[in-house]
Amino acid sequence: MPSYTFSAIKTRIADEFNRTDLTSQISLAVISAVEHYEREHWWFEEAIVTSVSTTAAQDYVTDAVISTMAIINKVQITVGSSTYDLERVNYEEWAEHAATSSSGQPSEYCYYKDRIYLYPTPGAVYVLTISGLQRLTTLSADADNNGFTNYCEELIRQRAKADIRCNVILDDKAVDEAAKLGIAGTTFLSGMERAAYFNARRETDQRVMTGRVRGSGW
């Protein structure tokens, strides 16, 4: 799999437009394209973090790494040599349980305001393992690259180009396409972006599928 830098993608977009006066607009469009798609599940965003510890008598955990998580799928707690899954609840449920002021080994968690709230309140220091999707480093320097530039280069490039056509060049045809095309709640700004999307999604789907078919009622 080729590795594409931020600079390489910007240069190719400029070449495809045959324009030399869109430098800043292309940079912003590429960053915006990444931000648009990072909200979906892509295999290269998957992360397991084991460096987060609780504090005794504190009912929440805050850590810089938590704020980088786009989605948290699972939180586990290590007690001695054993690891247990914590049950996820919403903030309202957690607040209702936390009102009892219980202390001990946490069995529930909720994710709220870039914090992980625990119940019962930890009575000691425990290590948490957090699994989910981690936001990638924002592209900045020309030499920067990330999972989107390396594995979804065509998708990011096509969305950036469509963005520029709609919002910078003000191409009437592109604006019309943006109004008409859409699938699964996502607006595609061009047919080429749509094709690139399905191509990129195929690899993630193949990596995460279990091969089992769920029957109705599961």
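Below: a short report on this structure. (Residues numbered from 1 in each chain as written. Predicted model: local features only at pLDDT ≥ 70, side-chain atom pairs only at ≥ 80, totals over all residues. Heavy atoms only, no water.)

Following both chains from N to C, one finds helix H1 (residues 6-17) and helix H5 (residues 153-167) inclined at 50 degrees, their axes separated by 10 Å at the closest point. On the basis of their axis angle, the class for H1 and H5 is oblique. Classified by chirality, the crossing of H5 by H1 is right-handed. Together, Ile 9, Arg 12, Ile 13, Glu 16 and Phe 17 of H1 and Glu 153, Arg 157, Ala 160, Lys 161, Ile 164 and Arg 165 of H5 make up the contact between the two elements. (Axes fitted to C-alpha atoms, helices over the stretch in contact; angles between N-to-C directions. Helix = DSSP H or I, 4+ residues; strand = E, 2+ residues; numbered from the N terminus. Parallel < 35°, antiparallel > 145°, perpendicular 65-115°, else oblique. Left-handed = near helix turned anticlockwise from the far one by under 90°. Contact = heavy atoms within 4.5 Å.)

Our focus in this paragraph is the sheet that holds strand S8 (residues 115-119). Here we have four strands laid out as an open sheet, ordered S2-S8-S7-S5, and mixed in their pairing. In the strand order of this sheet, the two ends are held by strand S2 (60-61) and strand S5 (87-88), each with one partner. By the bridge criterion, two bridges tie S5 to strand S7 (residues 108-112) in an arrangement that is parallel. Bridged to Arg 88 within S7 is Tyr 109. (Pairing = 2+ DSSP bridges.)

Okay, the pairing of strand S3 (residues 69-79) next. Where S3 and strand S10 (residues 127-134) come together, eight bridges link them in antiparallel fashion. What sits directly across from Lys 74, in S10, is Ser 131. In terms of strand pairing, S3 meets strand S4 (residues 82-85) through four bridges, oriented antiparallel. In the sheet register, Val 79 faces S4, and the bridge partner there is Ser 82. Once S3 ends, the chain turns through two residues before running back antiparallel as S4, passing Gly 80 with a positive phi of about 65 degrees.

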